[in-house]
Each structure stands twice: as C-alpha cells, then as structure tokens.
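# Coordinate analysis (summary)
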Amino acid sequence: MTIRWYPGHMDKAIEKIAEAIRRTDVVIEVLDARLPSSSSNHLLEKVRRHKPCIKILNKNDLADPIVTKAWVRNFEAEAGVKALPLSAKQLSDAKKLIKLCQQIVPHRGKPGWPLRVMVCGIPNVGKSTLINTLAGRSMAKVGDKPAITTCAQQIDLRNGIVLSDTPGVLWPVMDDQVGAYRLAASGAIGSGAFDVATVGLFAAEYMLRRYPEALALRYRLEELPEDPHALLEAVGRRLGCLMAGGAIDHNRAAEAFLRELRAGKVGRISFEEPEQVVADTEAHPAGDSPQEPTPLTTPMRLKPHKQ
Ligand code: G4P
C-alpha cells in the first residue's frame, strides 16, 4: 500500500512558513541525524530562497559518526547552508549553534537589532528539546500538526538572539516508501500509524546488511541469521518475547528490536547515506512510488496519520 499523506492545511502551513522566513535572519532546520534526507521536507528549500540556513543533524548521539560526516559534507556543498551535528539536550552543543548563528549574521544581534532565528522541522526531530536547551528553561511544546499555531511564539535568548519556533512545524514527505519505512523505524512516526512487524523486518534486513557486527555483539550471536525473519526470532528469544508454549511472539520481538535500535542499544546507527539517497531517488523518481520498494519484499502497510 502506498501512502500519500497530504493534509488539507499543508499549503497554508508552507505559506505561513514562507511569510515568517521573510522576517528571519537564519533558518534552522532540525533533522534527525540518522535519516537527514527522509526527516526533511524539501518544500522548505523552495520557500527559504537565499536565507542562510543551518541544518542541525540532531540526535547525533544515536547516529553513525562516519555517515554523519558524509552528510555534513553533502549539505555544506549547497550554497548558504551550514550543517551542525549535535545533541539537542547538550548545553555545550546549543552554544555551538548560537556561535554559528552569530558568525553567519555578524551585523545582527545588537540592542534594537536582534538576530532573528526560526526553528523548523518535522515532528519528533527534537525542535522543542533544542529550544528548551537554548532558552535554558522548559517552553511550551511546539504543535505537532503543521501550522496549527497561528501566532508566532517568540523567545528572547537574552544574548541578542530572538527565536521564533512557530509556524515552523513541517510534515514528513512520504512520497517515497523507503523513506517512510526509515521514518517509521526511527520512531518519527507514531507506532499506531504502521504495521510494527513489517517495519521490524525492514529494520532487521537493513541492520543485517549494514551493521552485522553490532548485531552480533548486542545479541551475542555466534552466527548471524541469514534473513530478517530469523534475526527477529533470535532477538525475540534473547529478549524473552515468547508466547505461552515458548513460541516467539513476532510482534513483540519486532517492537522490542525497534525500541532497542531507537535507544541506541545496538550502537550508533544511521538509516541512510547521501549516495544511497541519490540511488533511491534515481530508482524511484518523485511520483513513482513502488509497490514493493527495495530492499523489502513485503509492501509497507503504513496507515495515514490521524489528524
Ligand atoms: P519535536 O519538538 O521536534 O517534536 O521533538 P522533541 O523535542 O519533543 O523530541 C522528540 C524526542 O526526541 C524526545 O524523546 C526527545 O527527548 C528526543 N530527543 C531530542 N533531541 C535528542 C537528542 O539529541 N538525542 C536523543 N537521544 N534524543 C533526543 P521522547 O522519548 O519522545 O520524550 P522524552 O521522554 O525524552 O521527554
């Protein structure tokens, strides 16, 4: 099943973001470092135009550091873009971001002439966490639905920088199913919106191919299972996901495996690399959503978001 999630208020949301960007000096796009392409919304590029942009590769603590370096090089090849891997919970990382904003727009940040920064991103990438760390206090959670907030919330950081955190809530673009699987595996999409067993198999297949040593280490596997089903069985057995009678509970095993991946228990992993995203796009250009995306053999059964 192919998902096309296009909420009615999407055009309005992007209009509002475009409007707010006109009154902004630096656009901060928060991405998930584990899947920087799938967690972005390409419409932001269109409305950003020539405004300087900092792409935050957040949750850096969970992502593969070598892959993250490749993403930084990839993003910084774009005009007007800086990329900064960080962990939004870390104050020292937030300070690096402030410094970078000041470097990019040195003529702002003076009394009566604040440096205006806008934070954008899809739900769950860590916008609120970043804003709270920057502000040094707990602010209201940024709305999870695109453009539901109509009045912009402004936060004076008292260092010459003023943050506007709304209406920068974007939505994940799910016009390519591989990206949708990656979003689901990373935890960006609520588990009620997809079939856990299928996404668990997707993640197991990917991990077997990309991070076999990390799997062997975490689950003390002397021999790596040959296929994702067998891997989930081995993980389920190891984590005690059993039904009465001792058979593996496949749903619970998939859930437990995804939980472990998301928490970084299997190590620092990334779900996509720049070259791979280019290859995926060439294999499935926009509008061409394959019924059976590689590497899956089972079509994804994502349910559209409830609004
Ligand atoms: P949003 O505003 O973009 O929707 O995201 P939000 O800040 O609410 O963050 C979503 C989840 O990601 C939260 O976890 C948050 O703690 C986690 N998170 C944010 N930044 C980082 C980071 O740099 N590293 C890691 N490992 N996690 C991060 P949660 O489980 O939903 O909430 P909570 O139990 O932590 O409060």
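Preceding this section is the structure that the text describes.
Residues numbered from 1 in each chain as written. Predicted model: local features only at pLDDT ≥ 70, side-chain atom pairs only at ≥ 80, totals over all residues. Heavy atoms only, no water.

## Some points on unusual backbone geometry
Look at Arg49: it is not a glycine, yet its phi comes out positive at around 50°. With respect to the helices and strands, the residue Arg49 is situated in the loop between α2 (43-48) and β2 (53-58). You will see that Lys59, though not glycine, has its phi angle at about 65°, which is positive. Within the element layout of this structure, Lys59 appears in the loop between β2 and α3 (65-76). Using a relative accessible area of 21% as the deciding quantity, one classes Lys59 as partly exposed. (Helix = DSSP H or I, 4+ residues; strand = E, 2+ residues; numbered from the N terminus. Buried < 20%, exposed > 50% of the residue type's maximum accessible area, 1.4 Å probe, protein only.)

## A closer look at the sheet that holds strand β3 (residues 81-86)
One open sheet holds the 6 strands; their spatial order is β3-β2-β1-β4-β6-β5, and the pairing between them is mixed. Pairing within the sheet leaves two strands with one partner each, and these edge strands are β3 and β5 (154-156). Along the sheet, successive strands turn relative to each other by an average axial angle of 25°, direction set aside. As paired elements, strand β4 (residues 115-120) and strand β6 (residues 161-164) share 4 bridges and run parallel to each other. Residue pairing for β6: Val117 is matched across the bridge by Leu163. (Pairing = 2+ DSSP bridges. Axes fitted to C-alpha atoms, helices over the stretch in contact; angles between N-to-C directions.)

## A short note on the pattern of salt bridges
Inspection of every chain in the model, using the stated rule, returns 13 salt bridges. Lys96 is the salt-bridge partner of Asp93, the closest N and O atoms lying 3.4 Å from each other. Taken as a pair, Asp93 and Lys96 lie in helix α4 (residues 91-104) at a separation of 3 residues, close to a single helical turn. On the basis of relative accessibility, which here comes to 12%, the residue Asp93 falls in the buried class. Of the charged contacts, one joins Glu272 and Arg182 as a salt bridge, the two residues approaching to 2.9 Å between their closest N and O atoms. Here Arg182 lies in helix α6 (residues 177-186) and Glu272 lies in the loop between α10 (250-262) and α11 (274-283), a separation of 90 residues in the sequence. Because the salt bridges share partners, they merge into one network encompassing Glu29, Glu45, Arg48 and Lys55. (Salt bridge = Lys/Arg side-chain N within 4 Å of Asp/Glu carboxyl O.)

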